[in-house]
Amino acid sequence: MLPFRSDTETLLRIFIKYGEKCLDWIDGMFAFAVYDSIENTIFLGRDRAGKKPLYYFNNGTSFAFASELNCLSSIIPLEINRDHILQYLRLGYFYKKNTPYRCVYELEAGSCALFKLNDFTFQVNRWWAIEDQMLHPNKDSDNEVKEKIEAWLSQSIQRRIETSDREVGIFLSGGIDSGLIAALGVQYKPNIKTFTMAFDGACDENASAQKISNLLGTDHQVFNIPKGSPLADDVVNMLGGFGEPFFDSSAIPSWYLSQAAKKSVTVVLNGDGGDELFGGYRRYVPFAYHDFLARNTTRQSICSLLLKRLPTPKHQRSRFGFIHRLLELSTSDGLSTWLLAGHNVFEGSEQFLLSSGDYMMEINEAFDQLNKLQLSGLQKLMLLDFENILPGDLLVKMDIATMSHSMEARSPFLCKELLEYAPSLADRHKIHAGKTKPVLRHLFAKHLPTSLANLPKKGFEPPLRQWVQQDLRTVIRDYLSSPMGYSRTVLDSRFLELLINEKVELPVEKQIKMLWALFTLEIWYENYQSNQTFN
């Protein structure tokens, strides 16, 4: 037998021999299709976390699949699914399998599907689910937990560096996750190349990233986002590459960073998954002490009275803004709580969205099932983030940013071992004494100064307010003011005009989010119309 010449050939051979069972053994990212000419079937498979995308069209008479929505949109006449667009405006991304189109779905993370051409039947199965790991908690000691996580993360980094036949680098944001990857990565590749985006003002991560690079001796490069008209043109082009409205503005620095890093490397490591597996978001802290997702009428009544006596905060990120938001969480339950704790785009103004039915029904039903699970409030929130925000937003962002420049992004935190182990850890390993991800902080401090481990969370977060109010103000207003825009079909026109003219009585950050979400919607709609005209 000839030696295996690629990972694709290896995958095909083990699939031929073991079928669906082989998915349990694969580490890393994958989305693949196998046509069986004997059985006349097409098998689709996707990795545990949903690193790589896989979409399919199935209307009962035609079937197609692709790794990009733009591909399907360019070859098949597609209809817009209005309910899914409304969901997008509430969530900030598309819910699980849903897309902007009718009859087009995304194969969910940890799922596989079999399409039988003989009778045109299609069946989806879940072969891996994070809640299965959460429902089987382990009893390892604190030291055992730290030792196992460090060993598996180190092994994962080593695999992702040494199995690449191309130059490997690291996206270094200056935070704990990417800093820890860099600290462990230099053990296998000294002087590894690291890359950071620099921003003017408070959002600049370069200072802490540079400190980490200096301590580790990496070959560090810093890139800046352009200003003026090139930014406006680039933003429209890059957001159009997603094939769907895409809310996360950090997609823009990720795209620029990938474009610049491509000149030096072809493969990059990043910290995706560290927050969702180890409790990295500030919003997790309250849920570690109380289950805000569960119904509690007493809590809701008391906090509702308090909330009515307080003024609306001018800035959501102030201390008062945080307290106000915590009270908002306390007055709600289930889906509303999660939406407030997440992107929080149109919450509180959802009455201005034009709907003829219950477009949130399937999501509400899923929440009812979630609250029946024997999980803590923190586990529920982390489960929701892992199954929704991670594959629906964060992984999509990085995949499009890197693949647009013929690069490959690898995520050591999303290795098989950590995906099976981290969800089983007790809450104290995720949030402790009001601090996020204590285990990763401990490991970070083992390799780098403790002072850096206590820095605020870092990411490639752009100056969105400056963009919306200054750099991109004209192009955003032009798109939203068009009488033919799609926003006018899903949002009350009077509210839209007030929003465009900055006359809505809402915190500035909230208005910025709304304008950005509608802007991304219009960019997608313009591309959709172009593709359908071509069809």
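In what follows, the accompanying structure is described. (Residues numbered from 1 in each chain as written. Predicted model: local features only at pLDDT ≥ 70, side-chain atom pairs only at ≥ 80, totals over all residues. Heavy atoms only, no water.)

## What about the packing of aromatic side chains?
Applying the stated rule across the entire model yields 35 aromatic pairs. Taking 6.1 Å as the distance between ring centres and 75° as the angle between the ring planes, the aromatic pair formed by F15 and F32 counts as edge-to-face. Here F15, found in helix 1 (residues 7-18), pairs with F32, found in strand 1 (residues 31-36); they are 17 residues apart in sequence, far enough to count as distant. Members of the aromatic cluster, joined through ring pairs, are Y56, F63, F65, Y105, F115, F120 and F122. Taking NZ or CZ as reference, R283 lies 4.3 Å from the ring centre of Y281, over its face. (Phe/Tyr/Trp six-rings, centres within 6.5 Å; stacked < 30°, edge-to-face > 60°. Helix = DSSP H or I, 4+ residues; strand = E, 2+ residues; numbered from the N terminus. Lys NZ or Arg CZ within 6 Å of the ring centre and 35° of its normal.)

## Examining the sheet that holds strand 2 (residues 41-46)
The four strands are arranged 1-2-6-7 in an open sheet whose pairing can be described as antiparallel. The open sheet is flanked by strand 1 and strand 7 (121-126), the only strands paired with a single partner. The sheet shows a mean angle of 15° between the axes of neighbouring strands, direction not considered. Here strand 2 runs beside strand 6 (residues 111-116); their pairing, made up of five bridges, is antiparallel. For I42, the partnering residue across the bridge sits in strand 6 and is F115. (Pairing = 2+ DSSP bridges. Axes fitted to C-alpha atoms, helices over the stretch in contact; angles between N-to-C directions.)

## Re helix 9 (residues 251-261)
Of all 11 residues in helix 9, 10 are buried; the element is thus mostly enclosed. Within helix 9 the residues assigned to the buried category are A251, I252, P253, S254, W255, Y256, L257, S258, A260 and A261. (Buried < 20%, exposed > 50% of the residue type's maximum accessible area, 1.4 Å probe, protein only.)

## Thoughts on the sheet that holds strand 10 (residues 219-224)
With parallel pairing, the five strands of this open sheet are ordered in space as 10-9-8-11-12. One side of each edge strand has no neighbouring strand; the edge strands of this open sheet are strand 10 and strand 12 (408-410). On average, each strand axis in the sheet is tilted by 30° relative to the strand beside it, whichever way the strands run. Pairing between strand 8 (residues 168-171) and strand 9 (residues 193-198): three bridges, direction parallel. The residue of strand 9 that forms the bridge with I170 is T194. Running over the sheet, helix 5 (residues 142-162) touches strand 8, strand 11 (267-269) and strand 12 and is turned about 170° from strand 11. (Contact = heavy atoms within 4.5 Å.)

These values are about where atoms sit, not about what they do.
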